[in-house]
Amino acid sequence: MTSKINPAFQDKLKKYGAVNFNACYNCGTCTAVCSLSTPEESFPREMVRLSSLGLENDIKSSLKPWECYYCGECTENCPQTANPGELMMSLRRWLTAVYDWTGLSGLLYRSLAFTISALSLVLIGVLVFGNALSFQLTEMMHYGHLFEMYVVFAVLVIIFIPNIARMWNFTILKPKVKANLRIYIKSLPDLFIHMFTQKRAKDCDKEDNFRWLEHFILVLAYLSLLFTTVFLNWFGTNSFFVVVLGYVESFFVFVITTDFVSSRIKKAKALNKFSQPSDWLFVIWLMLMGLTAFLVRVFIDTQIIDNNVWMYIVHLTVLAQWAVIIVPFGKWSHFLYRSFGMYFSRIKAESEKRRN
Ligand code: SF4
Ligand code: SF4
């Protein structure tokens, strides 16, 4: 990949939330304090430098933005208040837009008006759907459940597989990383380890493992709630075990995301100081998902759901907005790209080792 300078790149990055990174005078403090940076994989100073110089293609082919778990340590210690941690976050947003073949990710990140229009469109879609079924609860729940099943599959096949192939192309194929099949297979456990444990987040913020623990429980609770609602049909089951399981999962999703929302409001830590609309959307919608799913099941168990169809409509709206906007094009996708980022990094490191 050529190192062509794009003078407009700085302005482009600002639309993804980067603030004041031009103030950097290249002292290297951020890299020195970052507990995840190594001599082989050194960041964030290098990323700040490439961004200031407008070396867009070098960043496009880099996996380093995915190696940062945003503890905020670099930002706290930067003598120039150049906010290197927020720059790394902005690069992840920008890369998400670069990987996305539809172009919708970029639009959502750059335009609040577009985000609000997309959310409103989904709300209208849910109301039209409800109206077509005369707001009959049983019918709506049946098709709502089918929607959940098919949307998971559709988002994976139509959006994520092509986007991850593009990421692979930009970061492995185009930079001509020489990796054979053995390296791909040997590195595969890294993909799942990072996906399910986020273990680098633990190393990132050594003094505050509570944040890592919250993330870990949230990932487990969210994924198992998805499984319970989609495959165990939580809203339609009479199984005591499944009902209780769904309550526990949705409770954890709600409680942990409420804490995340509160941290963003308080702005006590560097990582919460510059929340973008995409950050708010992610935590608030996940919180609403947990809350409305919990309440729908309470309404079913207390048999008041028949006279309160609106509760299911609210849940379905939140779910549909989450599934067709936030998961494929918003911050949820970072979870997947980061896991693949760690996998591809391992492949790069292994192929480098083989060459030396
Ligand atoms: S600590 Fe701040 S000024 Fe120093 S290299 Fe990092 S971003 Fe630049
Ligand atoms: S936010 Fe934390 S992990 Fe990310 S670059 Fe800064 S110090 Fe490193």
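Reading guide: rules and limits
Residues numbered from 1 in each chain as written. Chains lettered and ligands numbered in written order. Predicted model: local features only at pLDDT ≥ 70, side-chain atom pairs only at ≥ 80, totals over all residues. Domains from an automatic or database assignment. Contact = placed C-beta atoms within 7 Å. Helix = DSSP H or I, 4+ residues; strand = E, 2+ residues; numbered from the N terminus. Nonpolar A, V, L, I, M, F, W, Y, C, P; charged D, E, K, R; others polar. Core = buried A, V, L, I, M, F, W, Y, C linked by C-beta atoms within 7 Å. Buried ≥ 20, exposed ≤ 12 C-beta atoms within 10 Å, placed from the backbone. Axes fitted to C-alpha atoms, helices over the stretch in contact; angles between N-to-C directions. Parallel < 35°, antiparallel > 145°, perpendicular 65-115°, else oblique. Left-handed = near helix turned anticlockwise from the far one by under 90°.

A short note on the domain arrangement of the protein
In step 1: With domains assigned, the protein is organised as domain 1 (9–99) and domain 2 (104–355).
In step 2: For domain 1 versus domain 2, the distance between C-alpha centres works out to 25 Å.
In step 3: The partner domain 2 presents 31 residues to the 24 residues of domain 1 that form the contact.
In step 4: Secondary structure elements with two or more residues in the side of domain 1 that touches domain 2: α5 (64–67), α6 (73–77) and α7 (84–99).
In step 5: Ranked by residue count, the leading element in the side of domain 1 that touches domain 2 is α7, at seven residues.
In step 6: Among the residues making up the side of domain 1 that touches domain 2, the classes are represented as ten nonpolar, seven polar and seven charged.

Remarks on the nonpolar core
In step 1: Formed by 86 residues in total, the largest nonpolar core has its most connected members in Met 47, Val 253, Trp 285, Met 289, Trp 322 and Ile 326.
In step 2: Broken down by element, the residue count for this core peaks at 14 residues, all from helix α15 (residues 277–301).
In step 3: Both domains that furnish three or more residues to this core are identified here as domain 1 (9–99) and domain 2 (104–355).
In step 4: With sequence-adjacent residues up to four places away left out, Met 47 is seen in contact with Ile 59, Lys 64, Pro 65, Leu 87, Met 88 and Leu 91.

Quick notes on the packing of helix α14 (residues 240–266) against α15
In step 1: The N-to-C vectors of α14 and α15 enclose an angle of 150°; their axes lie 8 Å apart at closest approach. Between α14 and α15, the crossing angle belongs to the class labelled roughly antiparallel. By crossing handedness, the relation of α14 to α15 is classed as left-handed. Counting all contacts with α14, which are made through Val 243, Gly 246, Tyr 247, Ser 250, Phe 251, Val 253, Phe 254, Thr 257, Thr 258, Phe 260, Val 261 and Arg 264, the residues of α15 involved are Asp 279, Trp 280, Val 283, Ile 284, Leu 286, Met 287, Met 289, Gly 290, Leu 291, Ala 293, Phe 294 and Arg 297.
In step 2: Residues of the contact of α14 with α15, tallied by class, amount to 16 nonpolar, five polar and three charged.

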